[in-house]
Each structure stands twice: as structure tokens, then as C-alpha cells.
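Breakdown of the fold
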Amino acid sequence: MKPHAIVIGGGHNGLTAAAYLARAGRKVLVLERRHVLGGAAVTEEVFPGFRFSVASYVVSLLRPEIIRDLDLPRHGLEILPLDGTFTPMPNGDHLWRVNDHAMTRREIARHSKLDAEAYEEYGKAMVEMARFVKPILDMTPPDPMTLDPRELMKLVFLGKRFRGLAEADRYNQVQLMTMSAVDFLDQWFETDVLKATMAASGIIGTFLGVRSPGTAYVLLHHYMGEIDGAFRSWGFARGGTGAISNAIASAARELGVEIRTEAPVARIRLQGGRATGVVLANGDELDADLVLSSVDPNLTFLKFMDADQELPAEFVEEIRRYKYRGSSGKVNFALDALPDFTSLPGPGAHLRGAISISPSVDYMERAYDQAKYGEFSRRPYIDMVIPTLTDPSVAPPGKHILSCFVQYAPYKLKSGTWDEQRDAFGDAVVDTIAEHAPNIRDIILHRQVLTPLDIERTFGLTEGNIFQGELTLEQLFFLRPAPGWAQYATPVRGLWMCGSATHPGGGIMGAPGRNAALRILGQTR
Amino acid sequence: MRDVVIIGGGHNALVTAAFLGKAGLKPLVLERAERVGGCAGTSEVAPGFRCPTLAHSVAIDPAIVRALNLEAHGLQIIRPDSAACAPTRDGPTLVLWSDAERAAQSIAAFSARDAAQYQKFLLSFSRISGVLRALNNAPAPSIDDPTAADLIATLRTGRKFRALGRADAYRLLRWLPMAAADLASEWFESEPLRATVAAGGTLGSFLGPWSAGSAALLLLLGAGEGHPIASGWFARGGPGAVADALAAAARGAGAEIRTCAEIAHVVVTSGTASGVVLSSGEEIGARAVVSGVDPRHTLLGLVDPMHLAPEFVRSVQNIRAHGTLAKINYAVSALPRFARPAGPDAGAVAALSGRIRLSASIDAIERAFDAAKYGGLAEDPWLELTIPSIADPSLAPSGQHVVSAYLQYAPYKLRGTTWDAERDRLGDLATRTITSYAPGFDASVLARQVITPLDLERTYGLTGGHIFHGELSLDQWFVTRPLLGWARYATPIRQLYLCGSGTHPGTGLNGRSGALAARVIAKAFKR
């Protein structure tokens, strides 16, 4: 029987959309190019016994509605806490923030008493802001150019919510949307390493520096992470990030979704201006009433379609203009032992959280400066986790995994190719870590280096952008991915978008997939 | 007891004085320097050579020019033939003639596609500017308590926005948070044109062309005239002539102007401003005090902070104002010899009559900004020159010229040294850079005046050396200029108002802040 909908891509968003459609009684077929599901939210045994969260490695923003609606815990999802952020400093000192307020306060006070005071205030203000933004994540963006009263009501709703904020919170909100992370944090704090580490969250996955306007907004994401109702916490999925995708896939299958792996799509088929199915790379033609694409707009519209023939020219222009600019790489290590940091030696609890190589604002900015002109940062920003301390099941006994998110690694290099520079990039990461944990060189068993080019090749993320397109203001909300096309629909009837390139964007949120499905089902405001 | 005392005699303060005078009040303007005008001044850099001291172009709103009858008060507007030109070091000079078709011919020498795009870009930019002008021509609305006038202004802007049509309306929304480099690259492919356009998004600000938000600055600065680059004109006799005309108009409307009158502080009695004390000790009582100086200096320097809530003081301290612009003024014995203009008609002298933007590429500008981020002065800065003596020969002896140069990036906060120690190096750097585009320029220099960002603060009272009285960024614009909740010229101190560039809309020498402030203050007096 012909499915009602075909979903292109078995990443977490594609699977989520499929599950929601199936929940409403629709028959759905998911097509995944690779042999594994999950897209960038995937666990793979890259070296014998070591199961890496190859790309995405922590979870924070997975919508609680999805966990609840799809009953993911029953399908095997278990989120383990990731407590704290440890920042080693070159002067032998460190900054170690944990979820325990009193401890963090004492730690920050060691650097600055004023900042310890401000930190409390800041946290409260951010939670207010996160509360303000949260409902926006779950809404279909309004179209400001329409005269449809329902759309206008959404704008009025946003305006009213804004007016409902206290004056200080309004100001914070405006500033968060427009300022640079460092400028925003400068207003609260004086400790350089604290600002650098906090600001780092503002640049992840964008080709911007911590001083670039527009980076403050992502600071909020840290306060939006909700796991089991606890605002702000971050975590690992037991079994690696792929376990999240597998749980969603299991829920989807239970709801009747058919999922095929190793089924790469070659074309989206159109008849009379309407999407009627897809053609696989092996030539198989599959029919459906609807086609949902969870892959990025470049693949959807420029690769799977004859853009100039099948799409309006203005739309194609917008899709071509949409910016990817991958700026990060991923380096995963299999380790024989734990890294030993000179600024806080030994295997303490500081290794159980995130370890951030972000010793100063200037360090972060200089890393960006190099990338602007087409080189990878010789001393990059690195966000590391050692998941084996929380979930030993992913490595052989006594061994460890060190998962490193590395920025900046610009997709477009000024000279040479990423295939030539891959090892040099991996070496730069080892060198950088060795400055803080010299034993790293002696404990590496294996290393997997993913350059932006590898991310593109492996996961189908254009230019290696982990969010399917930059999360910059001009590509957010009603402008994502193209002005006038932010409501999951496309100019082609029957063809919908449901990936991270749609509102509210990337990260393992699942919101685009859920919002798109609800939109298709006519269940959104 | 005076009606109104106005602190500072800059162009906005003079506009406020003139409009308040016309509304029947008797304002008293107190200027610290010997002359009024603030950033609109003309300096004699050498005997017989008169050069724009700070700003080299002026864009007083045409409505203000008419309302204050400035032309009758001596203002003569000069619109040069060239909007801007971009000399290159290794090829011809790109000339963006004021006449768009002629400009397209010059652009065609670099790229035929860009030549066609240029006219479309100007059209789109000019339409979008109309919406921003509508926002700039009314006080920013109150969020808590919108008045009928606010609603009407909002509706009017909304209608203009809709009238743009989908393509331009979305452009406006997309452009505001973008990088000027991206904006320029979306339209154009030739580097000289890209760099010339993108440079405008960094003027006077702590932004590089790759900084998000620099496109907003480009739009805001260009909105007044609806042109992305030529956002202004020259005044015969230099910008000082604008100040003279404004002062004459203000006096004619009944204002009194005193120079060499420095304010020590504003007198506040139980939460209400009641006058000012001069540094001479003289006290002048007034029913209202209006400050044309920047918000930070007004609220942190001239008012005792005990009259303000601590959170408010913190917000004012957080107004960002890190200047990056230095000014170098030259008297030269001959016209600089830049590369020949590209395009069929040469017009070598006229090509230099507008702005001359010296920037090798977007990346070169960005690299200069990189240095500034760490408190350094880049070896390869970008400059914008004007040679006003081409269109107005009265400014220099016959055959000789004055050259007015903006240099970026000269960060207000230098690391490891001071601007007093670096003044000569800064001047030499400017000369060397100009000479690299116009061989022999260094030998033609008869005299030069170097104004560092620190001088901008000390001598001209611009806090942080910031020419716009605070960054023009999305978080310090419209309802948030200077602060959210205080974007309507009033301050938490009753009867103390702001009227300078640090208030909505700011954006340079156009007088709009002053005019809008006068409207609000005059209304308050009627109540």
C-alpha cells in the first residue's frame, strides 16, 4: 500500500516527524541513506569496543513534549547527568562550575567576589528569558507579510508577551537577540575566563566570533535544557547519542512507521507541480501523497530537484543564498587512561562534566580571526566530554572515550584541501589539549578526525554545518530557511521541510520535526 | 530663572534651541568651546587652508533645513558629482558617480554584472530607506503606554513596510542583523565595489565588515538620503558654516547662545532638574535642562548618581561607546594623484569630489579591525577622504587643497601605550597609506592636524571617542536608544532631557534627534 508520507532522512527530526504523523494514523515510510539511523545523532563502533557519539555528543534541548508524547523512556531513552564545566587555564589555575549553586558560587568568588554575586542574578535573569523564549520554539513562525488574521494574532501574541515582561527582562531580551555574547556578558561579569567559557556556547556551529553581534542569543540555550523537568541541565544518553535516535525510531516503528536504511534518495518526483514521491538512487520509484524532507535545503531543492525548472526563481535565489559555512570539526579519541590536567590533577569529578578549552576572550577571538581568512585555528576552542565516566558501557573496561567538539575549522580552506589537512587538524587538537593535559599524547589508542568536509560527506550536512545552516539572526524564526517559507511548507504542493534548517533550528531538539508534523496535521496555532 | 538651558552647542542642541525658540520658549545654549557646532566645524590647518575639523559631510534633514530656513541663514549645500570613488593600488579608480548610469559605466570596467546590479541595489536601498526614515521621523514609541501619536506613527511605518512589497520587506528584515560584507557580496562580485559598500557599515563603530549588525549601520547611516554611500553633502565654507547657519536660526528664533561656558553639573532638587552650575561657579536656574552631550557623560558625569537608581546607573554605564575613528586633516600643495578613473569619461578631478574610500578589500578592512579588537593600530588601515576644496575652492589657496581623512581602526582603548604617545605614528600611518594609493602625496603635505580618539573625547566631549555618542547597533537603536524605556528624550530626573546623537534616531549630522527632542519638550511645557 502506498504510504501517506515519505520522510527523506532518518535523523532525529525525520524520525520525530514520522512518529507524530503515524500517531495521527498516517502511514509513513522513512528513507535513510546510511546503514544506521540518527543522522548526526548517532552512535557507531568506530574502533572495536569503542562506541562513539560520532557527531552530536550531548543532549539538552530535546523537547520534553516529544519525550512524553512518544514515551521515549519506555523505548530505552535514559539521560544521564553531565554535571559542570571545567576550564583549565594556562596560568595553572582553573574555573570549575557545577550544578551545585553554593559550590559554583565559592569557585567563582575565588576569581571575583563581584562575579559570584552577579552569577546568581544572571542565572535568574536567564531563566526568565528562557521561559519567554520557550513557547516560541514550539510555534510555527508567523509570516509578517501576510494579512491573515491568524498570523497577525501570532505577532500580537509575541508583542503582548514581550510587554508582559518586567522592564529589566525586556532589556535583556532585546540585548540577547542583538548583542555579542562578550558584550552581553561584559555587563555582568569581570572574570575573563568565566566570560570566555560562557560566551563559547554562543558560537557553537556558527561562523561567528564571541565578539560578533548576534551570538548572545545562544547563551539562552544553556538555560533551556530541560531534562525530566529540570531546567538547565545537560546530559548524555546512555549508550551514546544514537540511543536518542533509536528510541525515537522504536517509538515510530511501534506506531507503524516503516523505516528503510541504505535507501538513498536521488530525486523528489513531481507531477503537475505536486510532489508525488521519490526516486531512489537504485532507480526504485516510491509513491506517496506527501514528501517530507529532513535534509538541508541544498540537498532538498538543489540536488533532489531540478531547481530552475521546478521551483520559482525567487525561491531558488533565497535557497542559494542560505548560508551554511560549517565552522567546526569533531575529534573522537579512544583512550587507555584518563587525561590528567595540570591545573587540577587526578581523576576527579571535574572530568565528569564538560571540559572547555576557552581560557580567555582573546583566545576565543583569535581562534576566530584565523578561521575568517580560511585556516583552521591552531589553538581552537574545544569542548570535551568523557562519556565513559558516566556510562562505562560504551568502551571496554578501564578504557575511555574523549569526545572533542572543535571550532574553528572553516569548510572553505584558503589553501589545500581538508583531505590533506585532516591530520594536521587532528594534531592541532592534540597539541592544544596537551598544553593543559600533557599526558594526552601517551594515552591515545585511536583517533577519529572529522573535518567539516567529512561531516558533509558522512552526514549529508552541506558545508559541514551541524545545524543545517547558520543560526544567525537573519536565518532564524520567520526567515528560516527562506523569508516567506518558514512554515515548513515549500513552493511545491505536497513537499514539506522538517529538518534543522527550519524553525527553531539545530541541536537535538526534535522541535522542527514535531512542529512540521503538527503543521501538516493542522494541529498548530 | 530661564525656560530652558541647553548643555552643549552641537548641531542637535542648536536644532533643539531653534525649535524651542519657535515654540515660544527662550532657551539658553551653553557651549564649552569658543565656537558652537560640535562635530560640525571647520579648522584652519594652515593659513588659508580651511578643512572640516571632524565630520566632513553633513546631512541635515531637508525638513529641518526648510523649517529653520537655514539657506536664508547662509547655508549653501554642495552636492559633489561623485558619490564616492575607490582608488586601487594596481588598477584604475572605481568611480560611483552621483549619476547612477555614469557610475554603472565605471563599474562595468570591473564587472558587467555589478554594473547592472548597482542600479537595482540603489533602488532597493532607497525604497527600504523610506521605511527607516519613517521610523526616524517620529519619537520612538512607548512600549508600556503608547500614545495616539505613537500608534499613528507605527501604523504609518507599518503601511510603508507593507508597501515595500515582499522582496524588499524581507530584505529589510534580513539585512538588519547581517554583516555588511555579506550584504555587499550578495549583490556584487568585484572586490573594490564590495569593499567600498561594506566599509560604510563600519564607520565610526566597533565593527568589522564581517561583524553581524554592520549591515544595519550601513542602512541607518544611508537612510537619510536613501543612498548606501553618499549619505550627505558638503556645505560651502565647510561644516562650520552649518553650525553658523543653525546658530543664526536659533538666535533668530529667540535663543541665546553663550560660548566658553562649561557646565560643572546639573542641579537636581528633589528629583527635578532646576538648573546648572558652570565651572566658573555661576549658577543658572531653569525650568528644564536639556543635554546635547552624550548620555553617558550627561547621566554619569553631569548628574550626581545619587539621584538615579543603581540599576539605571548600571545600564548607562553599559551603553557601548568604543570609538574607532581618528581624524587627520591635511593642507596639501597639489591634488593627490590617484589612479585614473575607470570608465569612458575620465573626469579625473571631479571623480575625487566626493568620498574617496581607500580599502583594498573586505578582508583588509577586517584585518585592520582584528588589530583594534586587541587594542592595536593596524599597519594597513582603511581611510575615507574628502577633498572639499575641489567643489569649494574658497577653502584653500588657488591650486592647493585640503584633504580630510577618517582613519579606521584607531581603537579608543589602546593596549600598552597611549594615544598621546602614538599621535605622530597615527599621522604618519595615514600619510603613508594615502601615499600608497597616490604616489607623491607625502611630499605635497604642507601641514597636518591629527585628532586621536582620545582627542575626540577630551577636546570635543565625545565619550569613548565615539562619533555617534554610542554604538549604532540593534541593541542601541530606536526604542533602545539610549536605553529601553528611556528612548523618548526624558530621563529619570524630571525636567532633564536629552537631545543629542545618543538619542533616537542619532545617525550622524542630520539634526533629527534635536528636532524630535524639541517636539517632546515643547509639548511637555504646554501641559
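See above for the structure.
Bear in mind the structure is a predicted one, so any value in this text is a computation, not a measurement.

Another point: the nonpolar core. Ranked by internal contacts, the top residues of the largest apolar core, which has 344 residues, are Ala18(A), Leu14(B), Ala18(B), Leu246(B) and Ala250(B). For this core, the leading source of residues is helix H10 (residues 239-252) of chain B, giving nine residues. With residues near it in sequence (within four places) discarded, Leu14(B) still touches Gly9(B), Val29(B), Val36(B), Ala243(B), Leu246(B), Ala247(B) and Ala250(B). In this structure, Tyr171(A), Leu483(B), Leu484(B) and Ala487(B) belong to the second largest nonpolar core, which totals six residues.

All names here are of chain A. The N-to-C vectors of helix H4 (residues 113-137) and helix H6 (residues 167-178) enclose an angle of 75°; their axes lie 10 Å apart at closest approach. Comparing their axes, H6 and H4 come out roughly perpendicular. Residue-level contacts link Ala 125, Glu 128, Met 129 and Phe 132 of H4 to Asp 169, Asn 172, Gln 173 and Leu 176 of H6. Across the contact of H4 with H6, the residue classes tally to four nonpolar, two polar and two charged.

Chain A puts 29 residues into the contact, and the matching count from chain B is 28 residues. When residues of the side of chain A that touches chain B are traced back to their parent elements, those giving at least two are H6 and helix H14 (361-372) of chain A. Broken down by element, the side of chain A that touches chain B gets its largest block of residues, seven residues, from H6(A). Partitioned by chemical class, the residues of the side of chain A that touches chain B number eleven nonpolar, seven polar and eleven charged.

What follows deals with the sheet that holds strand E21 (residues 495-497) of chain A. Residues and elements named next belong to chain A. Pairing within the open sheet is parallel, and its five strands lie in the order E11-E2-E1-E15-E21. The sheet is open, and its two edges are formed by strand E11 (258-260) and E21, each paired on a single side. Pairwise comparison of adjacent strand axes, ignoring direction, gives a mean angle of 20° for this sheet. As judged from the four bridges shared by strand E1 (residues 5-8) and strand E15 (residues 290-293), these two strands associate in the parallel manner. When the bridges of E15 are listed, Ala 5 appears paired with Leu 290. Strand contacts of helix H1 (residues 12-23): E1, strand E2 (28-31) and E15, with the helix running at about 170° to E2, the strand carrying the most contacts.

With that settled, consider the sheet that holds strand E14 (residues 285-287) of chain A. All names here are of chain A. Across the sheet, which stays open at both edges, the three strands sit in the order E12-E13-E14 with antiparallel pairing between neighbours. Every interior strand has two partners, whereas the edge strands, strand E12 (265-271) and E14, have only one. Recorded for the sheet is a direction-independent mean angle of 30° between the axes of neighbouring strands. Both E12 and strand E13 (residues 274-280) contribute to a ladder of six bridges, which runs antiparallel.

Let us look at the environment of Lys124(A). Residue and element names in this part refer to chain A. If you trace the backbone, Lys 124 turns up in helix H4. Classification of Lys 124 as exposed rests on a count of 11 C-beta atoms within 10 Å. Each C-alpha atom of the pair Lys 124 and Phe 47 lies 43 Å from the other, and the pair is 77 residues apart in sequence.

Those residues of helix H3 (residues 100-108) of chain B lying buried are Ala103(B), Ala104(B), Ser106(B) and Ile107(B). Around the axis of H3(B), the buried residues are gathered within 160° of arc, so they sit on the same side.

What follows is about unusual backbone geometry. The linkage connecting Gln407(A) with the following residue, Tyr408(A), adopts the cis geometry, with an omega of 20°. Inspection of the secondary structure assignment puts Tyr408(A) in the loop between strand E19 (400-407) and helix H15 (418-436). Each neighbour pair has its own omega, and for Arg481(B) with Pro482(B) the value is -5°, a cis peptide bond. Its identity is not glycine, yet Cys260(B) carries a phi of approximately 50°, on the positive side. Along the chain, Cys260(B) falls in the loop between strand E9 (256-258) and strand E10 (263-269). Positive phi, normally seen in glycine, also occurs at Phe478(B), with a value near 60°. Secondary-structure assignment places Phe478(B) in the loop between helix H16 (453-458) and strand E18 (496-498). Accessibility expressed as a C-beta count within 10 Å gives 18 for Phe478(B), which makes it partly exposed.

Basis of the calculations
Residues numbered from 1 in each chain as written. Chains lettered and ligands numbered in written order. Predicted model: local features only at pLDDT ≥ 70, side-chain atom pairs only at ≥ 80, totals over all residues. Core = buried A, V, L, I, M, F, W, Y, C linked by C-beta atoms within 7 Å. Buried ≥ 20, exposed ≤ 12 C-beta atoms within 10 Å, placed from the backbone. Helix = DSSP H or I, 4+ residues; strand = E, 2+ residues; numbered from the N terminus. Contact = placed C-beta atoms within 7 Å. Axes fitted to C-alpha atoms, helices over the stretch in contact; angles between N-to-C directions. Parallel < 35°, antiparallel > 145°, perpendicular 65-115°, else oblique. Nonpolar A, V, L, I, M, F, W, Y, C, P; charged D, E, K, R; others polar. Pairing = 2+ DSSP bridges. Arc of directions from axis to C-beta.

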